[in-house]
Amino acid sequence: MKRYLLLLPLSLLALAAPVESAVADCLNQHTVPRFTGDEQAQVAALCLVNADRAAAGARPLRMNPQLEREADDYAQRLVNQQFFSHIDPLGGTLYQRTRASNYLLGADLWLIGENIGWGVSTVGTPVHIVESWMSSPGHRKNMLNPSFRDIGIGLTPGTPAGGANGATHVQVYAAHTDAKKKPAKNPVKKPKPKHHGSAKK
């Protein structure tokens, strides 16, 4: 069985002026998440990501509930345990988190990636987070990767540095093929039914 894994390089949230970001007017894009899994902020983030993907000629990503739970849980851990890394304090990796979400269940080939970021005050809004990722080559490459199909968007108030004035964002990108849905390489041909005619006298 072949498997593929993509891990993004870790970089702090860029505060420089955004570059190469599509012009999009997404509802609630300037709203700081009010609680973990804030749907309004999630929809805004998805709108922004897909606008950038459309500008790059990539197909839109679709929300996946398994990846969404994974991303929300990890965003909360970043804040509660005050660390900022793709590997948690116990050594847990993106692959392990995605496998635990059951997203990879039955998958034959798969690809996963992750962006993490945080910002204080209005820098924690979806538009600032996405624009900052677009200013970072590694994060931008992940967001615009045409091979990805699904996304989980996690966000929560607070930051890994402590304090509630801001928000932390996690986006998990993924794609997989299901081995059960792949056609067999050498399909077995069914024998043609034999027809028996009636004898004439």
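Residues numbered from 1 in each chain as written. Predicted model: local features only at pLDDT ≥ 70, side-chain atom pairs only at ≥ 80, totals over all residues. Heavy atoms only, no water.

**Student:** How should the overall build of the chain be read in this particular structure?
**Tutor:** In terms of helices and strands, the chain carries five helices and four strands. Of all 201 residues assigned to the chain, the portion counted as buried reaches 44%. Contacts in the chain between residues far apart in sequence, at least 24 positions, make up 75% of those at least 6 positions apart. With an accessible surface of roughly 11500 Å², the chain has 57% of that area assigned to carbon and sulfur atoms. (Helix = DSSP H or I, 4+ residues; strand = E, 2+ residues; numbered from the N terminus. Buried < 20%, exposed > 50% of the residue type's maximum accessible area, 1.4 Å probe, protein only. Contact = heavy atoms within 4.5 Å. Areas by Shrake-Rupley, 256 points an atom, 1.4 Å probe, with all protein chains shown as cover.)

**Student:** Would you mind going over the environment of T177 with me for this structure?
**Tutor:** Summarising the element assignment, T177 is placed in strand 4 (residues 166-178). A residue is classified by how much of its surface remains accessible, and T177, at 34% relative accessible area, is partly exposed. Once the C-alpha coordinates of T177 and A107 are considered, the two residues, 70 residues apart in sequence, prove to be 5.6 Å apart. Not counting the four nearest positions on each side in its chain, T177 is found in contact with G106, A107, D108 and L109.

**Student:** Would you mind going over the state of the cysteines with me for this structure?
**Tutor:** In protein structure, a disulfide is the covalent linkage between the sulfur atoms of two cysteines. The full count for this structure, using the stated rule, is one disulfide. Shown here is the disulfide that connects C26 with C47, its sulfur atoms set 2.0 Å apart. The S-S bond linking C26 to C47 shows a torsion near -75°; that makes this disulfide left-handed. Residue C26 is found in the segment before helix 1 (39-55), and its partner C47 is found in helix 1; the two are separated by 21 residues along the sequence. On the basis of relative accessibility, which here comes to 3%, the residue C26 falls in the buried class. On the basis of relative accessibility, which here comes to 33%, the residue C47 falls in the partly exposed class. (Disulfide = S-S within 2.5 Å.)

**Student:** Just to check I follow, could you spell out the nonpolar core for this structure?
**Tutor:** Nonpolar side chains tend toward joint burial in soluble globular proteins. Counting residues in each nonpolar core, the largest one holds 20 residues, and the members touching the most others are L61, M143, I151, I153 and Y173. Residue assignment for this core shows that the elements contributing at least two residues are helix 1, helix 4 (126-134) and strand 3 (150-157). Non-local contacts of I153, meaning those with residues more than four positions away in its chain, are made with Q42, A45, L46, M63, E68, A71, D72, V170 and Q171. Y74, L78, L104 and A174 belong to the second-largest nonpolar core, a separate cluster that totals 18 residues. (Core = buried A, V, L, I, M, F, W, Y, C linked by side-chain atoms within 4.5 Å.)

**Student:** For this particular structure, what's the right way to read the environment of L46?
**Tutor:** You can see L46 is positioned in helix 1. In sequence terms L46 and Q29 are 17 residues apart; their C-alpha atoms lie 9.8 Å from each other. Every residue in contact with L46, bar those within four places of it in the chain, is listed here: L61, M63, I151 and I153.

**Student:** Mind showing me how you'd approach the packing of aromatic side chains here?
**Tutor:** Geometrically, a pair of aromatic rings is defined through the distance of the ring centres and the angle of the planes. Within the structure shown, the criterion is met by three aromatic pairs. Here the aromatic rings of Y95 and W110 are separated by 5.3 Å at their centres, their planes lie at 15°, and the arrangement is stacked. With Y95 in helix 3 (residues 94-100) and W110 in strand 2 (residues 107-120), this residue pair connects regions lying 15 residues apart in the sequence. For the pair shown, Y95 and W110 are each scored as buried. R97 extends its terminal NZ or CZ atom over the ring of Y74, reaching a point 3.6 Å from the ring centre. (Phe/Tyr/Trp six-rings, centres within 6.5 Å; stacked < 30°, edge-to-face > 60°. Lys NZ or Arg CZ within 6 Å of the ring centre and 35° of its normal.)

**Student:** Is there a simple way to think about helix 2 (residues 65-80) in this case?
**Tutor:** It helps to recall that an α-helix has 3.6 residues per turn; residues three or four apart then point in one direction. With 16 residues, helix 2 extends 22 Å between its outermost C-alpha atoms, agreeing within 8% with the 22 Å of an ideal straight helix rising 1.5 Å per residue. Among the residues of helix 2, those classed as buried are L67, E70, A71, D72, Y74, A75, L78 and V79. Packed against the buried residues of helix 2 are helix 1, helix 3, strand 2, strand 3 and strand 4. Between the side-chain oxygen at the start of helix 2 and the backbone nitrogen of Q66 there is a gap of 2.9 Å, and the oxygen is on N64. Taken from the residues just after helix 2, Q82 is the one with a positive phi, measuring 50°. (Expected span 1.5 Å × (residues − 1). Polar contact = N/O pair within 3.5 Å; in protein donor to acceptor, adjacent residues only side chain to side chain.)

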